[in-house]
Amino acid sequence: MKIVGQKDVKLDKAFMEEVAKRSGENVFLCYQCRKCASGCPSRMFMDSTPTELMRYVQLGMVDEAMKTNTIWYCLSCQTCSARCPQDIDIAHVVDTIRILVQEKGIKADTKNMRLFNRLWMNILKYAGRMYELALTGMLNVFTGRPFKDMSLGIKMMRKGKLKLLPSIRKPFAMMKMFSRAKRLKK
Ligand code: SF4
Ligand code: SF4
């Protein structure tokens, strides 16, 4: 179904049902109080607030939900989920949309956020925890700016804020979790 206003908006009932089913969250309980958006630390970078994202899902506005940079700037910090008076795990809804977007191969104008997300997940998988130096280094190399923020990185290392080597304790534990999640998904 399409509604016609200043631009055509595609409404897709199957999308709203899929997000609700896969996230296990009742997105229809959201009454747009905006508590999630007002506490979101990434809000200033997002082109739609978490509250708006919830409305897109409720209405089945698939293009708006999947192409917004909101899902890529979300830090999964859970602040929104903790603040929601309706007990909706909004961070999980965001995660679900992020997975759907990748499964469907949808391209969005999110600059380097998809690359960042992929690098983040791979480092987590193989190192078991975040290794910031590798993350920023690889991001800079893959985006063609290998020396970006180098002087800042050196300063941070001198102050002990950035570690030269990763601290890996159980190298295979996270890999096992990833494999198990993959098996369960099948
Ligand atoms: S805090 Fe909960 S009820 Fe309020 S707008 Fe966000 S999702 Fe909706
Ligand atoms: S989980 Fe994401 S959307 Fe929710 S408050 Fe944190 S950054 Fe914002």
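Each value, and the rule that gives it
- Residues numbered from 1 in each chain as written.
- Chains lettered and ligands numbered in written order.
- Predicted model: local features only at pLDDT ≥ 70, side-chain atom pairs only at ≥ 80, totals over all residues.
- Heavy atoms only, no water.
- Patch = residues over 30% accessible without salt bridge, like charges linked within 9 Å, V, L, I, M, F, W, Y side chains within 5 Å.
- Areas by Shrake-Rupley, 256 points an atom, 1.4 Å probe, with all protein chains shown as cover.
- Salt bridge = Lys/Arg side-chain N within 4 Å of Asp/Glu carboxyl O.
- Helix = DSSP H or I, 4+ residues; strand = E, 2+ residues; numbered from the N terminus.
- Buried < 20%, exposed > 50% of the residue type's maximum accessible area, 1.4 Å probe, protein only.
- Near = heavy atom within 4 Å.
- Nonpolar A, V, L, I, M, F, W, Y, C, P; charged D, E, K, R; others polar.
- Domains from an automatic or database assignment.
- Contact = heavy atoms within 4.5 Å.
- Buried area = accessible area lost by both parts, 1.4 Å probe.
- Polar contact = N/O pair within 3.5 Å; in protein donor to acceptor, adjacent residues only side chain to side chain.

**Q** How would you summarise a nonpolar patch on the surface if you had to cite specific residues and measurements?
**A** Together, Met138, Val141 and Phe142 line one region of the surface with nonpolar side chains, adding up to about 290 Å² of accessible area. Looking at the secondary structure, you find Phe142 in helix H9 (residues 132-142). Residue Phe142 is classed as exposed on the basis of its relative accessible area of 54%.

**Q** Tell me about the site of ligand 2, and name the residues and values.
**A** Around ligand 2 sit Cys40, Pro41, Pro50, Cys74, Leu75, Ser76, Cys77, Gln78, Thr79, Cys80 and Ala91, and those are all the residues in its vicinity. Here the shell around ligand 2 is built from residues that sort into eight nonpolar, three polar and no charged.

**Q** Outline the pattern of salt bridges, listing residues and values.
**A** Oppositely charged side chains can pair when the atoms bearing their charge come close. Tallied over the full model, the rule gives six salt bridges. For Lys104, the salt bridge goes to Glu18, with nearest N and O atoms at 3.9 Å. One end of the pair, Lys104, is in the loop between helix H7 (90-103) and helix H8 (113-127); the other, Glu18, is in helix H1 (residues 13-23), with 86 residues separating them in the sequence. In this structure Lys104 comes out as partly exposed when scored by relative accessible area, which is 48%. Here the residues in one salt-bridge network are Glu18, Arg22, Glu103 and Lys104, joined through shared partners.

**Q** Pulling in residues and values, what's your account of the site of ligand 1?
**A** Neighbouring residues of ligand 1: 13 residues in total, closest Cys30, Cys33, Arg34, Cys36 and Cys84. Sorting the residues of the shell around ligand 1 by element identifies helix H2 (35-39) and helix H3 (50-59) as the ones contributing at least two each. Looking at the shell around ligand 1, its residues break down into eight nonpolar, three polar and two charged.

**Q** Hey, could you go over the domain arrangement of the chain for me, with residue numbers and the actual values?
**A** Many analyses report the size of an interface as the accessible area lost when the parts associate. Split into domains, the chain comes out as domain 1 (10-103) and domain 2 (113-170). The centre of domain 1, based on its C-alpha atoms, is set 28 Å off from the matching centre of domain 2. Taken residue by residue, the interface counts five residues in domain 1 and four residues in domain 2. Taken together, both faces of the contact between domain 1 and domain 2 bury some 460 Å²; the carbon and sulfur share is 58%. Together, Trp72, Tyr73 and Gln102 form the three largest contributors to the area buried by domain 1 at its contact with domain 2, with a combined 83%. Across the domain 1-domain 2 interface, the total number found is zero salt bridges. Our count for the domain 1 to domain 2 interface comes out at zero residue pairs in polar contact (both at pLDDT 80 or more). Elements represented by at least two residues in the side of domain 1 that touches domain 2 include exactly helix H5 (70-73) and H7. In terms of residues, the side of domain 1 that touches domain 2 owes the most to one element, H7, which gives three residues. For the side of domain 1 that touches domain 2, the per-class residue count stands at three nonpolar, one polar and one charged.

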